[in-house]
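Working through the structure, step by step
Each chain, letter by letter, is given below.
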Amino acid sequence: MAELPVNPRQGRLEGQLSAMAFTFMATVPAVSYAAVEKGELVVRIERDHLLHFFELLRDHPSYRFEQLMDLCGVDFPERPQRFEVVYNLLSVTHNHRIRVIVQTDEVTPVPSVHHLWPCATWWERECYDLFGVVFSGQPDMRRILTDNGFEGHPLRKDFPLTGYEQVRYDVERRQVVKEPVSLTQDFRDFDFVSPWEGMLTLPGDEKAHEVRQGMKRSG
């Protein structure tokens with residue numbers, strides 16, 4: 001099988017990202033890991049040095065990561081620092097992408113980056129709502145996707161798939177009420193016979209059935 005031709009531009013880009021990874025490991029003591037993974041630069045850094053590193057990435061002419069494209073959480077319940085906060089940045093100037101990862105636990109806050117990228121407020125509120133990660137310096141630390149009064153954080157691995165309570169409309173009280181989850185199932189009699197096997201002719205298929213019967217008789 002013939003090998004696909006190597007894209008010179010892709011090779012040049014990975015070379016630039018590898019050089020950035022080497023620079024970060026050599027010059028930024030707080031960086032514990034920097035490497036190119038599947039064509040994208042991934043950097044792990046200590047939480048307390050996050051803001052200084054982001055200012056470097058945004059403002060230094062060699063990097064110019066002007067946009068925060070995404071911020072999300074990942075949960076590893078077995079770890080002492082169970083959460084990873086992942087930042088995906090884009091440099092429009094250099095057409096580079098970088099993924100920066102910090103770790104934290106259930107109580108230690110992560111510095112907010114809303115003053116560097118205003119769109120971070122949305123992402124930080126979402127990460128707080130779904131994972132419970134707190135961002136220090138964030139002036140609007142409210143839930144953003146779940147209901148007011150919601151308890152728990154639904155994207156944590158130890159959060160039950162059914163949730164803790166269910167919501168329904170009470171006709172007599174004429175309001176929405178919350179109550180403990182009930183998964184009671186009434187007895188049901190299932191008919192597992194396929195309609196394709198249990199019926200000779202399906203509704204609307206009479207003409208095709210006649211054709212099939214005629215073919216059988218003629219055969």
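Note: the structure precedes this text.
An account of the accompanying structure is given in this report. (Residues numbered from 1 in each chain as written. Predicted model: local features only at pLDDT ≥ 70, side-chain atom pairs only at ≥ 80, totals over all residues. Heavy atoms only, no water.)

1. A look at the sheet that holds strand β1 (residues 31-37)
- The sheet built from five strands is open, its strands ordered β1-β2-β5-β4-β3 with mixed pairing. Strands at the two margins of the open sheet, each flanked by one partner only, are β1 and β3 (67-75). Going across the sheet, the axis of each strand differs from the next one's by a mean of 20 degrees, ignoring polarity.
- As paired strands, strand β2 (residues 40-45) and strand β5 (residues 96-104) are joined by four bridges and run parallel to one another. Paired with Val 43 across the two strands is Val 100, which belongs to β5.
- Taken strand by strand, helix α2 (residues 50-59) contacts β1, β2, β4 (83-91) and β5, and its axis lies near 175 degrees from that of β5. (Pairing = 2+ DSSP bridges. Helix = DSSP H or I, 4+ residues; strand = E, 2+ residues; numbered from the N terminus. Axes fitted to C-alpha atoms, helices over the stretch in contact; angles between N-to-C directions. Contact = heavy atoms within 4.5 Å.)

2. Brief notes about the packing of aromatic side chains
- For the structure shown, the criterion picks out six aromatic pairs.
- Aromatic pair Phe 24 and Phe 53: ring centres 5.2 Å apart, planes at 80 degrees, arrangement edge-to-face. Taken together, the positions of Phe 24 in helix α1 (residues 8-27) and Phe 53 in helix α2 put the pair 29 residues apart, joining distant regions of the chain. The same class applies to Phe 24 as to Phe 53, namely buried.
- Geometrically, the ring pair formed by Phe 54 and Tyr 87 is edge-to-face, given 4.9 Å between the ring centres and 70 degrees between the ring planes. In this pair, Phe 54 sits in helix α2 while Tyr 87 sits in strand β4, placing the two residues 33 residues apart along the sequence.
- Overall, Phe 54 belongs to the buried group, its relative accessible area being 0%.
- Classification of Tyr 87 by relative accessible area gives buried; the value is 0%.
- Put simply, the rings of Phe 24, Phe 53 and Tyr 63 touch in pairs and so form one group of aromatic residues.
- Over the ring of Phe 76 we find Arg 79, and its NZ or CZ is 3.8 Å from the ring centre. (Phe/Tyr/Trp six-rings, centres within 6.5 Å; stacked < 30°, edge-to-face > 60°. Buried < 20%, exposed > 50% of the residue type's maximum accessible area, 1.4 Å probe, protein only. Lys NZ or Arg CZ within 6 Å of the ring centre and 35° of its normal.)

From the geometry alone we can't say anything about function, so treat these as descriptive.
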